[in-house]
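# Results of the structural survey
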Amino acid sequence: MTNTIGVLVMSYGTPENMESVEAYYTHIRRGRPPEPEQLKELTDRYEAIVGGVFPLRENTDNQVKALQETLNRDERGTDVEFRCYQGLKHAYPFIEDGVEQMAKDGIQTAIGIVLAPHFSTMSVGSYIKRAREKAEEMGVHMSFIESYHLHPKLIQALSTRVSAKLDAFEEAGAKRGDVKVLFSAHSLPARIVEMGDPYPQQLLETSEVIASRVGITNWQFTWQSAGRTAEPWLGPDILDTLQELSREQVEDVLVAPIGFVSDHLEVLYDLDIEAKSIAKEIDMRLMRIDSLNSDPLYMETLSDVIISRWQQGSDE
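Residues numbered from 1 in each chain as written. Predicted model: local features only at pLDDT ≥ 70, side-chain atom pairs only at ≥ 80, totals over all residues. Heavy atoms only, no water.

### Comments concerning the UniProt feature "binding site: Fe-coproporphyrin III" (unreviewed entry) in the protein chain
Here the UniProt feature "binding site: Fe-coproporphyrin III" (unreviewed entry) sits at Tyr-12, Arg-29, Arg-45, Tyr-46 and Tyr-127. For the residues just named, distributed over 116 residues, the greatest C-alpha separation reaches 25.4 Å, placing them at more than one site. When you line up the elements, Tyr-12 lands in the loop between strand E1 (3-11) and helix H1 (21-28). Excluding residues that lie within four positions of it along the chain, Tyr-12 makes contacts with Tyr-24, Ile-28, Leu-88, Lys-89, His-90 and Tyr-127. Filtering out sequence-adjacent residues up to four positions away, Arg-45 remains in contact with Arg-228, Leu-265, Tyr-269, Asp-270 and Glu-274. (UniProt positions renumbered as here; feature names shortened; annotations may be inferred. Helix = DSSP H or I, 4+ residues; strand = E, 2+ residues; numbered from the N terminus. Contact = heavy atoms within 4.5 Å.)

### Observations regarding the UniProt feature "binding site: Fe(2+)" (unreviewed entry) in the protein chain
Following the UniProt record, one finds the feature "binding site: Fe(2+)" (unreviewed entry) at His-186 and Glu-266. Their sequence span is 81 residues, while the largest C-alpha to C-alpha distance among them is just 8.0 Å; these annotated residues converge on one region. With respect to the helices and strands, the residue His-186 is situated in strand E5 (residues 180-186). With a relative accessible area of 24%, His-186 lands in the partly exposed category. Once residues within four sequence positions are removed from consideration, His-186 is found in contact with Tyr-199, Trp-223, Gln-224, Ser-225, Trp-233, Phe-260 and Glu-266. Examined against the element boundaries, Glu-266 turns out to sit in helix H10 (residues 265-268). Apart from the residues lying within four places of it in its own chain, the contact partners of Glu-266 are His-186, Gln-224, Ser-225, Phe-260 and Leu-271. (Buried < 20%, exposed > 50% of the residue type's maximum accessible area, 1.4 Å probe, protein only.)

### A word on the domain arrangement of the protein chain
Split by domain assignment, the protein chain resolves into domain 1 (3-148 + 294-315) and domain 2 (152-288). The distance between the C-alpha centroids of domain 1 and domain 2 comes to 25 Å. Of the residues lining the interface, 24 residues belong to domain 1; the matching set on domain 2 comes to 29 residues. Across the domain 1 to domain 2 interface the summed buried area is about 2400 Å²; carbon plus sulfur atoms make up 61%. Taking the shortest distance from any N to any O, the salt bridge between Asp-270 and Arg-45 comes out at 3.0 Å. Applying the counting criterion to the domain 1 and domain 2 interface returns 11 residue pairs in polar contact (both at pLDDT 80 or more). Looking at which element gives the most residues to the side of domain 1 that touches domain 2, the answer is helix H2 (residues 36-50), with six residues. The residue makeup of the side of domain 1 that touches domain 2, split by class, is 12 nonpolar, seven polar and five charged. (Domains from an automatic or database assignment. Buried area = accessible area lost by both parts, 1.4 Å probe. Salt bridge = Lys/Arg side-chain N within 4 Å of Asp/Glu carboxyl O. Polar contact = N/O pair within 3.5 Å; in protein donor to acceptor, adjacent residues only side chain to side chain. Nonpolar A, V, L, I, M, F, W, Y, C, P; charged D, E, K, R; others polar.)

### Topic: the pairing of strand E3 (residues 109-114)
For E3, the tally of buried residues reaches five of six residues, placing the bulk of the element in the interior. Pairing geometry for E1 and E3, over five bridges, is parallel. Counterpart to Gly-6 in the pairing with E3 is Ala-110. In this sheet, strand E4 (residues 141-144) lies alongside E3 in parallel orientation, the contact comprising four bridges. For Ile-111, the partnering residue across the bridge sits in E4 and is Ser-143. Tracing the backbone out of E3, into helix H5 (residues 124-138) and back to the parallel element E4 gives a crossover that is right-handed. (Pairing = 2+ DSSP bridges. Right-handed = clockwise from strand over helix to strand, strands pointing away.)

Written out as structure tokens, the structure reads:
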């Protein structure tokens, strides 16, 4: 008899269409509707990257589908079937919806994973907390994967992308060693440092391993997409970093947003539109690496850590 294991695949979530942007933004703001100018700014950003169509949601759907296919490859055996469920932080199906659907389908054992390789109590930790509480309520025995930021296949996939774009710089006439590589990730409130949160260190570890593998010495880490709140966020922001590099007469910059695994708003707008606009103003050539999206190596990364976690059994 086949034993079915549920896999809750969690991510931030995006609106399904332009009409649902306000509800999405209200949920992010914990039930407080955005001011008209705030709503317009976010709507304008979506329209700028996709013209009112939402491939961002489709990217995540494709990742979940590809992961399930990878988990259930024939060569791994047929005694266990992994069934993937989607759980989003700020859009339907919410994290709780995913867990509830598992319970309705008779799933008794499940594993939760977030589409983000690096752990923070404020990001991945908050997803896990919500999923754990709902799983306990529904009687689903669920264990979790907190991070996978140094998995060899993830490093390979990211390194290949960095190397490919450095090749593109060379083809454009730049010297490979002169290209400044900026590894980036979503900023978080700076107080996580005082909390001893592992997020900044894990991101540096990923950056260092990729740099070593590709043979890069001319690199640094920077932050992006900070929230607009009164408290300080981790910096420097990438837009400030670009200005500083310009003053240092750096002409070629490659951005590697290793904190993002697919084409999110923070990649397609914050980097492809906002950062590139700044780069154009200061006469800087700026490229970014391609996103992982449903890359087979990324799917194998997720599959490997999920199967390993299932084999270990729950120790919680």
